[in-house]
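An overview of the molecular structure
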Amino acid sequence: MVSVITAKYDWILALTTIAFVFSAFGNGANDVANAYATSIAAQTLSMATAGVLAIFTEFIGAVAMGKRVTDTIKNGIIDIKRFDDKPGALMLAMGCAEVGSASWLMFATRMGWPVSTTQTIVGALIGVGFASEASINWGWTKGSVSQVAASWGIAPLVSGAFSAIIFGTLKYSVLERQDSFKCGMRMIPVYLALTGAILALFIVIEAPTAPSLEEFGAGKAAGIIVGVFFGCLIIAYVFFRPYFIRRLVRNDPRIRFYHIPLGPLLLRENPPLYFPGKGDEAVISYYEDAYGQVRAGQKDADKENVTLNADSVMPTPEITAMSSPAHIGDDEEKVTPEPKPQKKHLEPTERFIDPVRHLSWTNPLKALGYIKWLLLQGVTRDVITHDSPELRAIHARAHRYDDRVEHLWTYCQVVSAMMMSIAHGSNDVANAVGPWAAVYGTFHAGYVETKAPTPIWFLVIAGLLLGLGFWFYGYHIVRALGNKITQMSPTRGFSVELGAAITVMLASRLALPVSTTQCLTGSAMGVALMNYDLGAVNWKQLVFIFGGWVLTLPCAGLVSGLICLMALNAPHL
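Think of each chain on its own: its residues are numbered from 1, step by step along the sequence as written. The model is predicted, so local features are restricted to residues of pLDDT at least 70 and side-chain atom pairs to those at 80 or more, both for listing and for counting; the totals for chains, interfaces and linings are taken over all residues. Excluded from the side-chain calculations are hydrogens and water; all other atoms, namely the structure's heavy atoms, are used.

Bringing empty space enclosed by the protein into the picture now. Grid spacing is 1 Å over the protein atoms alone, the probe is 1.4 Å, and a cavity is where that probe fits but cannot get out, while a pocket is an open set with protein on both sides within 12 Å along at least five of seven lines and lining residues have an atom within 4 Å of a point. Grid points are joined across faces, edges and corners, and a volume is the space filled by probe spheres set on the points. Per the counting criterion, the structure on display carries one cavity of 30 Å³ or more. Along its surface, the largest cavity is lined by N34, A37, T38, L481, G482, I485, M488, V496, T517, L520, T521 and A524. A run of H or I in DSSP becomes a helix once it reaches four residues, and a run of E becomes a strand once it reaches two; helices and strands are each numbered from the N terminus. At the level of secondary structure, the elements contributing two or more residues to the lining of the largest cavity comprise α2 (10-41) and α19 (516-529). At four residues, the largest contribution of residues to the lining of the largest cavity is made by α19. Three residue categories are used. Nonpolar comprises Ala, Val, Leu, Ile, Met, Phe, Trp, Tyr, Cys and Pro, charged comprises Asp, Glu, Lys and Arg, and polar comprises the others, including Gly. Taken together, the residues that form the lining of the largest cavity break down as seven nonpolar, five polar and no charged.

Okay, structure coming up:
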């Protein structure tokens, strides 16, 4: 039953609900793209496959683990006591914060600007705090602006360190070894098991009913890690290893990921393959661009002539150095013109609308074409190809590794990407749900109510909108990230995603709403620096992203603050 005191403010609830939809949608389009951008850039996942996974993983993260940080956004940024006995003013302030957040996110996403959705909502709340003269929690207390702001600086560094360590161990234990494929076959079960164990541990400790780490106990935590690790290790040896032998050692191009359940049967001379794949190659080139050329490794003198690995029946293609490689800053006329792409990617209009454009509107095929365009236009665009001399020069400075070893880590990368997405859903769902939950609770209570538990159906709706935002609108950010910081590959993407996921999950456990954008950017930079070549990092893109971070807080705060100021001081009859 709605209170009489707040019943007249139903229009605020309605407008805030609309703003919430755009805020959650924009959150998904901007931040969920970060979780899967490296997987798509490394050609481990397609946009459509990542879109389907995102809908499920964001939903799981938001519903199962998102409540804790939502409470911080509702209560920790501005002083709610300013609105005591003024429930309508609180509803208006939180509604303006939601509008400011949604407006900036949709604008930034449309411009291809990867920004922090956490900074966006915190900036919006600060803006309404100034407009309503509410005290802003600047002090170093739980959930304060100071702690949140500190996490913006600390999180990228911590995330970058985690990812650099993960990639460093992988680099020296596998990638840089003389027989990298043999080492990779030996180590991949361990990495699969370790990734599964970390994922299981965080899912358990992040559950809504989970106690604190101190109450949970180190013994139980260690037991979960060890148990899941050995369970995954057995699965890796029984099912994954025969699959890898069949596909990569015996070079069987018919093998696909859905044959993994066959396990030891794949070691037979003629295994019972259902739905065998088509093609001539068992593994693709993870470094080849749309022009059919490989840039990575051209600056690496040690890899100019890659020899055949001992256990291999398929050599890694030879890499030859460019005679006069392009450098960043070269004049355009000095850069060798690029050949046209070998394969043209059909954009949504070319794929779905052009073939039926000539048909009559009464023809069902025309309607079907437009429906396909509407539903699939966000996941059928080319988000990988970048025709840039500067970016090609950056990619040329990155090390190149055996494509078969890279293929081994695509499976780890899928798990790490899902883990990153679950972490995002658990942490960043608060950015959209927090203000809406405060408005909804106050509207029904009739007094200022921000302490009530966040309804689970709020998180359900938000989780779905996060996934749909990526499906329909996330291609802008995937295109802006992906390979634009450094040359991406499955091993690099795995390290980026796992390091960032660990950081975000830890922050979520501590109720710190950190930015997944900043964590992933820090991780990408940490992995890029493991090339030991500053030229392998696109510093211009990092400055571009950093500029977005700097502008986000004041812009979101300005929009929400001005709207709130005008609404609070508007004349009325």
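Turning to the packing of aromatic side chains, a few remarks are in order. Any aromatic ring pair is given by two values, namely how distant the centres are and how the planes are angled relative to each other. In summary, the pairing rule links any two rings of Phe, Tyr or Trp, Trp by its six-membered ring, whose centres are within 6.5 Å, and it sorts them by plane angle into stacked for under 30 degrees, edge-to-face for over 60 and tilted for everything else. By the definition in use, this model includes 23 aromatic pairs. A centroid spacing of 5.6 Å and a plane angle of 55° characterise the contact between Y243 and F244, whose relative ring orientation is tilted. Relative accessible area decides the class of each residue, using a 1.4 Å probe on protein chains only: under 20% of the type maximum gives buried, over 50% gives exposed, and in between gives partly exposed. On the accessibility criterion, Y243 (0% relative accessible area) is buried. Considering the side-chain rings of Y440 and F458, the 4.9 Å spacing of their centres and the 70° angle between planes classify their relative orientation as edge-to-face. Residue Y440 is found in helix α15 (residues 410-445), and its partner F458 is found in helix α16 (residues 456-473); the two are separated by 18 residues along the sequence. In this structure Y440 comes out as partly exposed when scored by relative accessible area, which is 23%. For F458, a relative accessible area of 0% translates into the label buried. Grouped by ring-pair contacts, the aromatic residues F20, W436, Y440, W457 and F458 constitute a single cluster. Positioned above the aromatic ring of W361 is the side chain of K366, whose terminal nitrogen or guanidinium carbon lies 4.3 Å from the ring centre. Note that R404 overlies the ring of F181, its terminal NZ or CZ placed 4.4 Å from the centroid. Charge-over-ring placement is defined geometrically: NZ (Lys) or CZ (Arg) within 6 Å of the ring centre, and within 35 degrees of the ring normal.

Let's shift gears to the packing of α19 against helix α20 (residues 539-568). For helices, the fitted line uses only the C-alpha atoms of the stretch in contact; every axis is such a line through C-alpha atoms, and the angle between N-to-C directions lies from 0 to 180 degrees. The contact between α19 and α20 brings their axes to 12 Å, and the two run at 160°. Of the possible angle classes, the one that applies to α19 and α20 is roughly antiparallel. Every pair of crossing elements has a handedness; the one defined by α19 and α20 is left-handed. Counting all contacts with α19, which are made through T517, Q518, T521, M525 and L529, the residues of α20 involved are W539, L542, I545 and W549. Of the residues assigned to the contact of α19 with α20, the class counts are six nonpolar, three polar and no charged. Angles are sorted into four bins: roughly parallel if under 35 degrees, roughly antiparallel if over 145, roughly perpendicular if 65 to 115, and oblique for all others. Put simply, a crossing is left-handed when the front helix is turned counterclockwise from the back one by less than a right angle, and right-handed when it is turned clockwise. Here a residue-residue contact requires only that any non-hydrogen atoms of the pair lie within 4.5 Å.

Its place among the elements puts S495 in helix α18 (residues 490-509). Separated by 83 residues in the primary sequence, S495 and C412 have C-alpha atoms spaced 9.4 Å apart. Other than its neighbours up to four places away in sequence, S495 contacts S163, I166, F167, L170 and V527.

Here we come to helix α5 (residues 87-110). Residues lying three or four places apart along an α-helix face the same way, a consequence of the helix completing one turn every 3.6 residues. Residue count minus one, scaled by 1.5 Å, sets the expected span of a helix. Relative to the 34 Å expected for 24 residues at 1.5 Å per residue, α5 spans 35 Å between its end C-alpha atoms, a close match to the ideal helical length. Across the 24 residues of α5, 18 count as buried, placing the element largely inside the fold. In the stretch just after α5, G112 is the one whose phi turns positive, near 70°.

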